[in-house]
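Residues per chain are reported as follows:
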Amino acid sequence: AESKQNTDGTVEGGEDESTEDSVMQLELSAFRAKWMSELQPSACEQTGFSKTADLKRKQELAKEKKARELFLKAVEEEQNGAVYEGFLENNENDGEIDDLLAYFQQQLTLGDATMKLCEPESDTSQVHISALPFEVLMYIFRWVVSCDLDLRALEQLSLVCRGFYICARDPEIWRSACLRVWGRSCTKMLPFLSWREMFLERPRVRFDGVYISKTSYIRQGEESLDGFYRAWHQVEYYRYLRFFPDGQVIMLTTPEDPLATVPRLRSKNPRIDSTLFGHYRLSQDTDNQTKVYVVVSKRKEEKVADYQRSRFCRRNPVPEGERSFHVGLQLSSGGCQRFSKLVWIHHSCYITYRSTGETVVTAFDVDKMYTPLFFARVKSYTAFSEHPL
């Protein structure tokens, strides 16, 4: 009987413990179910979220498609030789481009208002450029533009990623470039919508190359000794004009081929004897035509006086005159390139005698011998940066 009671007691105790465990498991399962239901959105919310996500995804795909079309069109223009026209393809859709820029800024802005310009594509032990502060990165971009105003390199750099696209549209960079070109005459960007649009649309000379003209004519030679024939000679020569952003200009007239001459005009001090140095200015007259006025002359060289060369014969030096050439050119667009043509409108020579102070002006007739100068881009001119913008 005692063994029965112990057995029954043990059985009853085990049933009570198993019942309590099952109740706790049920309560825990109910709590988990309620917790999961609170974490998961409702069916309506989930449907609304999916619709919003689909709409946002469609908008992103549409914008990416539009950006791809504009990029391919710009590449096509660039391959055809119209570099700046490729950059200006976006001007017809200013509103869309502004939205694209705002869209990039929104995508690259985090919750704590910290700009996240770019991310490394793969894990690397080296320091990525995204780790640099925004100010340092903008300083690098100013080095890319450099003191030569190579805005073409800046536009190419904007194609790397969205962050670089935003940096390349920084208004301060384009404003500094406009001030370097036009000075005080561009304190206001009206009627343009942005400094970038002013730089691309407003007429100006280009600095990433050289303006070249080729002149050829036939002249009669001397008669032969027997008088049987008279030779005719074909004469060819080139004129070169190289402009710099600081207002300086160099001019060269030579029969040498451009392949041999153009590389020597990279610096402001080419070692060519016939080079003329001077300055230029842009002027927009009432006829809405942009003119370029150039004043060049030969650099003064210190010469030893004649009386110092000889101990026995001392003669007074012959009075010499200082010569300067004044050139007027009209800026226009030729072919597919913008601001790539300079047409002669004036050419004169000023001779000032030191002894009397008298100035003699000789004006040349601008005829068919003054062929227009056309721009040719030279990659080596902007291959290195000496100073930032």
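- The name that an unreviewed UniProt entry assigns to the chain is F-box only protein 9, with the source organism given as Triplophysa rosa.
- Per UniProt, the comment on the chain under Subcellular location (unreviewed entry) is "Cytoplasm".
- UniProt, in the comment section headed Pathway (unreviewed entry), describes the chain in these words: "Protein modification; protein ubiquitination."

### Details of a nonpolar patch on the surface
Inference 1: Taken together, the side chains of L28, F31, W35 and M36 present a nonpolar region at the surface, about 420 Å² in accessible area.
Inference 2: Mapped onto the elements of the fold, L28 is located in helix α1 (residues 2-39).
Inference 3: A residue is classified by how much of its surface remains accessible, and L28, at 35% relative accessible area, is partly exposed.

### Side note on the pattern of salt bridges
Inference 1: This model, assessed by the stated rule, comprises eight salt bridges.
Inference 2: A salt bridge links E236 to K214; its shortest N-O distance comes to 3.9 Å. One end of the pair, E236, is in strand β2 (residues 230-243); the other, K214, is in strand β1 (residues 209-223), with 22 residues separating them in the sequence.
Inference 3: A salt bridge links K268 to D246; the shortest N-O distance between them is 2.4 Å. Taken together, the residues K268 in the loop between α10 (258-261) and β4 (276-284) and D246 in the loop between β2 and β3 (248-254) connect sequence positions 22 residues apart.
Inference 4: Using a relative accessible area of 38% as the deciding quantity, one classes D246 as partly exposed.

### Let's talk about helix α8 (residues 171-182)
Inference 1: The end-to-end C-alpha distance of α8 is 16 Å, a good match for the 16 Å that 12 residues give at a rise of 1.5 Å each.
Inference 2: Lining the buried residues of α8 we find α5 (134-145), α6 (151-157), α7 (162-168), α9 (195-201) and β4.
Inference 3: G183 sits one or two positions beyond α8 and adopts a positive phi of about 65°.

### Side note on the packing of aromatic side chains
Inference 1: Overall, the coordinates contain eight aromatic pairs when judged by the stated rule.
Inference 2: Aromatic side chains W174 and F199 sit 5.9 Å apart centroid to centroid with 65° between the ring planes, which places their arrangement in the edge-to-face category. Here F199 lies in helix α9 and W174 lies in helix α8, a separation of 25 residues in the sequence. Of the two residues, W174 and F199, neither departs from the other in class, the shared state being buried.
Inference 3: Three or more aromatic residues joined by ring pairs make a cluster, and in this case those are Y211, F243, Y280 and F375.
Inference 4: Positioned above the aromatic ring of F199 is the side chain of R204, whose terminal nitrogen or guanidinium carbon lies 4.1 Å from the ring centre.

### So, unusual backbone geometry
Inference 1: Of note in the backbone geometry, S146 takes a positive phi value of approximately 65° without being a glycine.
Inference 2: With respect to the helices and strands, the residue S146 is situated in the loop between α5 and α6.
Inference 3: Look at F339: it is not a glycine, yet its phi comes out positive at around 55°.
Inference 4: For F339, the position within the fold is in strand β7 (residues 337-353).
Inference 5: Taking the relative accessible area as the measure of exposure, F339 reaches 6% and is therefore buried.

### Comments concerning α5
Inference 1: Helix length check: α5, at 12 residues, gives a terminal C-alpha distance of 17 Å against a target of 16 Å (1.5 Å per residue), a fit within 8%.
Inference 2: Among all positions of α5, only L137, M138, F141, R142 and V145 are buried. Along the axis of α5, the buried positions cluster into a sector of 150°, meaning they face one direction only.
Inference 3: In this fold, the buried residues of α5 make contact with α6, α7 and α8.
Inference 4: Phi turns positive, to about 65°, at S146, one or two residues after α5.

### Considerations on the pairing of β7
Inference 1: Pairing of strand β6 (residues 321-334) with β7 involves 13 bridges; the strand directions are antiparallel. Among the inter-strand pairings, F325 is bridged to a residue of β7, identified as C349.
Inference 2: Between β6 and β7, which pair antiparallel in sequence order, lie two residues; one of them, G335, sits at a positive phi of approximately 70°.
Inference 3: Judged from the two bridges that link them, β7 and strand β9 (residues 373-377) form a sheet pairing that is antiparallel. Each residue of the ladder has a partner; that of L342, found in β9, is L373.
Inference 4: Sheet analysis places β7 next to strand β8 (residues 359-363), joined by five bridges and oriented antiparallel. Note that in β8 the partner of T352 across the bridge is T359.
Inference 5: In this antiparallel pair of consecutive strands, β7 and β8, the connection spans five residues, and G357 shows a positive phi of 75°.

### Concerning the nonpolar core
Inference 1: One finds F199, Y211, L241, F243, V292 and L342 to be the most contacted residues of the largest nonpolar core, which totals 45 residues.
Inference 2: At six residues, the largest contribution of residues to this core is made by α8.
Inference 3: Those residues in contact with V292, other than ones at most four positions away along the chain, are V205, F243, Y280, R281, L282, V327, G328, L329, L331 and L342.
Inference 4: Grouped together as the second largest cluster of nonpolar side chains are 13 residues, I250, V262, L265 and F277 included.

### What about the pairing of β4?
Inference 1: In the sheet, β3 pairs with β4 via four bridges, with the strands oriented antiparallel. Counted as the bridge partner of Q248 is H279 from β4.
Inference 2: Pairing of β4 with strand β5 (residues 290-297) involves eight bridges; the strand directions are antiparallel. Considered in β5, the bridge of G278 is made with V296.

Basis of the calculations
- Residue numbers restart at each chain and count upward from 1, following the sequence in its written direction.
- At least 70 in pLDDT is required for a residue's local features to be given in this predicted model, at least 80 for side-chain atom pairs to be given and counted, and no such filter applies to totals for whole chains, interfaces and linings, which use all residues.
- Values shown for side chains rest on all heavy atoms present in the structure; no hydrogens or waters enter the calculation.
- UniProt positions are given in the numbering used here, feature names are shortened, and annotations may be inferred rather than shown by experiment.
- Patch membership is restricted to residues that have no salt bridge and whose relative accessible area is over 30%. Joining uses 9 Å for like charges and 5 Å for the nonpolar side chains Val, Leu, Ile, Met, Phe, Trp and Tyr.
- Computed by Shrake-Rupley with a 1.4 Å probe, the accessible areas treat only the displayed protein chains as cover when residues are assessed.
- The rule for a salt bridge is simple: a side-chain nitrogen of Lys or Arg has to be within 4 Å of a carboxyl oxygen of Asp or Glu.
- Where helices and strands are cited, they refer to DSSP runs of H or I of at least four residues and of E of at least two residues respectively, numbered from the N terminus.
- Relative accessible area decides the class of each residue, using a 1.4 Å probe on protein chains only: under 20% of the type maximum gives buried, over 50% gives exposed, and in between gives partly exposed.
- Expected helix span is given by 1.5 Å per residue-to-residue step, counting one fewer step than there are residues.
- In what follows, residue pairs with any heavy atoms lying within 4.5 Å of each other are defined as contacts.
- Here a Phe, Tyr or Trp ring, Trp counted by its six-membered ring, pairs with any other such ring whose centre lies within 6.5 Å, and the pair is stacked when the planes are under 30 degrees apart, edge-to-face when over 60, and tilted otherwise.
- As a reminder, the over-ring test applies to NZ of lysine and CZ of arginine, requiring each to be within 6 Å of the ring centre and within 35 degrees of the ring normal.
- Think of the arc as the fan of directions from the helix axis to the C-beta atoms.
- Only strands that DSSP links by at least two bridges are regarded as paired with each other.
- Throughout this description, the term nonpolar core refers to a set of buried Ala, Val, Leu, Ile, Met, Phe, Trp, Tyr and Cys residues connected via side-chain atoms within 4.5 Å.

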